[in-house]
Amino acid sequence: MFLSKSKKYFAPALVLSALALFLSAAVLFSAPARAQKVKELPPPPPGPRFKAKPTPTPAPTPAPEYEVIKVSSNLVVVPVSVTDQQGQPVLGLKQTDFQITEDEHAQEIAQLGDPEQVPVDIALLIDVSASVDARFVFEQKAAADFLKQVLKPGDRATVFAIDQTPRFIQPLSTAEIAIQKLLTVTPAKGYTAFFDSVLAAEKYLDEASSFGRRRLIVVISDGDDTARIYDLFSHQSSKGDYQMSGMDAQLQFIQRAQTEVLREVQRAEITFYSINPSGATMHLNVRTARSELGMERIAQATGGAAFIPKNDSDLDVLFRRIASEIRSQYLLQYYSNNKAGGNAFRRIAITAPAQPQLRVRAREGYYPKAK
């Protein structure tokens, strides 16, 4: 009975104890679940992402400033021929052997150029008029030999025939091509357009020959321009005006034409050479004699030379002399200190005071180029 009573009283206690144990177990088993639930929470939002600023493009480094050197246009180049008393070229002179003045003001020579380093452009003019018919073939061959001898690689020649009007035979080319064309020329037996032919060659060289090349005109002619005189007579005869029929009037006309040619040849900085195959017969006529003097004047003013062979055999000798002179010229270069301005002709004079026995030939002056 006591036990039954005890069970009676302890039964509720047991129930309560069991309930307490159940709750405790529930609490214990629920903790890991909660912990797991915390771990399964979504990750926190990512922190702010900072976009990298692009590296600024450095400012371009300014280009270095260089000093601009302007080539002055007052550079003057003068080919100078120096010969001894026998007319032979003199070699071996130095820059200090020369003195140069421009309009009587001393100039400082900047350089003495080597002629072998400066190419040459030659205009060869051969007379095909009736006055040279008997000697034409010989003159033609001598001229061809001259071109073959004087022209080096880099040099060029152009050919003109002095006919009733200027006849352009061959543009600037090698010696071989120029010689081939020269040998095809035949005499025309007409009038002589000497002045117009020289002017045509001058104009062509001035346009076709570039700066830094030596320019030469070599003429085989007596220089007697019968074409201009004939045209003038024909024009005046048609008008009934015969004032040019006298020799004095003809000589005045020739002198004006020579002055015109000289001015243009000087302006183009061309050295003029002439060979008059007429020889002593040129003195038989006043006009032909005056024509020869005109060629001599142009040659002297431009630093060239005029030759009169005594006979046909002298022609080769004279051509060789010209070729030798061209190859032995001194090229004096100076910067003009002339402040006068303008385009007026400037006179230059070159001497070799240390050796007064030598003959120095150079052009008498130049026309300054327009700036």
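Keep in mind it's a predicted model, so treat the numbers as computed, not measured.

## With respect to the overall build of the chain
Part 1: On a plain count of helices and strands, the chain comes out with eight helices and 14 strands.
Part 2: Within the chain, buried positions represent 43% of all 371 residues.
Part 3: Taking the intrachain contacts of the chain between residues at least 6 apart in sequence as the baseline, contacts between residues at least 24 apart amount to 78%.
Part 4: Of the accessible surface of the chain, which amounts to about 21900 Å², a share of 58% is contributed by carbon and sulfur atoms.

## Details of the pairing of strand β2 (residues 99-102)
Part 1: Burial along β2 is one-sided: I100 and E102 are buried, and none of Q99 and T101, which face the opposite way, are.
Part 2: Here β2 runs beside strand β12 (residues 346-351); their pairing, made up of four bridges, is antiparallel. Of the residues in β12, the one forming a bridge with T101 is A349.
Part 3: Where β2 and strand β3 (residues 105-107) come together, three bridges link them in antiparallel fashion. Its bridge partner lying in β3, E102 is registered against H105.

## Concerning the confidence of the model for the chain
Part 1: Mean pLDDT for the chain: 82, with 76% of residues reaching 70 or above.
Part 2: Scored below 50 in pLDDT, residues 25-39 makes zero contacts in the model with residues more than four places away or belonging to other chains.
Part 3: Throughout residues 63-71 the model reports pLDDT below 50, and contacts reaching past four residues in sequence, or to other chains, amount to zero contacts.

## Some words on the packing of helix α2 (residues 136-150) against helix α8 (residues 314-328)
Part 1: For the pair α2 and α8, the least separation of the axes is 9 Å and the interaxial angle reads 25 degrees. By the criterion of interaxial angle, the relationship of α2 to α8 is roughly parallel. Pair α2 / α8 crosses with right-handed handedness. For the pair α2 and α8, the contacting residues are F138, E139, A142, A143, D145, F146, Q149 and V150 in the first and L315, D316, F319, R320, I322, A323, I326 and R327 in the second.
Part 2: For the contact of α2 with α8, the per-class residue count stands at 10 nonpolar, one polar and five charged.

## Brief notes about unusual backbone geometry
Glycine aside, residues mostly have negative phi angles, and peptide bonds mostly take the trans form.
Part 1: The backbone of D103 sits at a positive phi, close to 50 degrees, despite the residue not being glycine.
Part 2: Along the polypeptide, D103 turns up in the loop between β2 and β3.
Part 3: You will see that E269, though not glycine, has its phi angle at about 55 degrees, which is positive.
Part 4: Structurally, the position occupied by E269 is in the loop between α6 (247-267) and β9 (271-275).

## A few points about the nonpolar core
Part 1: The biggest cluster of nonpolar side chains holds 35 residues, and the ones touching the most others in it are I122, F146, L147, L182, Y273, F319 and I326.
Part 2: For this core, the elements supplying multiple residues, two or more each, are β5 (120-127), α2, β6 (156-162), α3 (175-182), β8 (214-220), β9, β10 (305-307) and α8.
Part 3: Counting residues in hydrophobic clusters, the runner-up holds 29 residues, among them L232, A268, I270 and A301.

## Structural notes on the sheet that holds strand β7 (residues 166-173)
Part 1: The six strands lie next to each other as β7-β6-β5-β8-β9-β10, forming an open sheet whose pairing is mixed. Edge positions in the sheet fall to β7 and β10, since each has one partner strand and no second. Geometrically, the sheet is characterised by an average inter-axis angle of 15 degrees between neighbouring strands, direction not taken into account.
Part 2: In the packing of helix α7 (residues 286-302) onto the sheet, contacts are made with β9 and β10, and the angle to β9 comes to roughly 145 degrees.

## Digging into the side chain of R361
Part 1: Tracing the sequence through the fold places R361 in strand β13 (residues 359-361).
Part 2: Residue R361 is classed as buried on the basis of its relative accessible area of 11%.
Part 3: Among the polar contacts made by the side chain of R361, one reaches the main-chain carbonyl oxygen of G304 at a distance of 3.0 Å.
Part 4: Residue contacts for R361: discarding those within four places in its chain leaves P79, V80, S81, T83, Y273, G303, G304, A305 and E325.

## Digging into α3
Part 1: Of all the residues in α3, the buried ones are A175, A178, I179 and L182. All buried residues of α3 lie within an arc of 100 degrees about the axis, which places them on one face of the element. In α3, the exposed positions angled more than 90 degrees off the buried face are occupied by E176 and Q180.
Part 2: Against β5, α2, β6 and β7 lie the buried residues of α3.

## Here we look at the pattern of salt bridges
Part 1: All chains considered together, the criterion is met by 19 salt bridges.
Part 2: One salt bridge connects D206 with R267, and the closest N-O pair in it is separated by 3.2 Å. On the criterion of sequence distance, the pair formed by D206 in helix α4 (residues 194-208) and R267 in helix α6 is long-range, its members being 61 residues apart.
Part 3: You can call D206 partly exposed: its relative accessible area is 24%.

What counts, and where the lines are drawn
Residues numbered from 1 in each chain as written. Predicted model: local features only at pLDDT ≥ 70, side-chain atom pairs only at ≥ 80, totals over all residues. Heavy atoms only, no water. Helix = DSSP H or I, 4+ residues; strand = E, 2+ residues; numbered from the N terminus. Buried < 20%, exposed > 50% of the residue type's maximum accessible area, 1.4 Å probe, protein only. Contact = heavy atoms within 4.5 Å. Areas by Shrake-Rupley, 256 points an atom, 1.4 Å probe, with all protein chains shown as cover. Pairing = 2+ DSSP bridges. pLDDT = per-residue confidence, 0-100. Axes fitted to C-alpha atoms, helices over the stretch in contact; angles between N-to-C directions. Parallel < 35°, antiparallel > 145°, perpendicular 65-115°, else oblique. Left-handed = near helix turned anticlockwise from the far one by under 90°. Nonpolar A, V, L, I, M, F, W, Y, C, P; charged D, E, K, R; others polar. Core = buried A, V, L, I, M, F, W, Y, C linked by side-chain atoms within 4.5 Å. Polar contact = N/O pair within 3.5 Å; in protein donor to acceptor, adjacent residues only side chain to side chain. Arc of directions from axis to C-beta. Salt bridge = Lys/Arg side-chain N within 4 Å of Asp/Glu carboxyl O.

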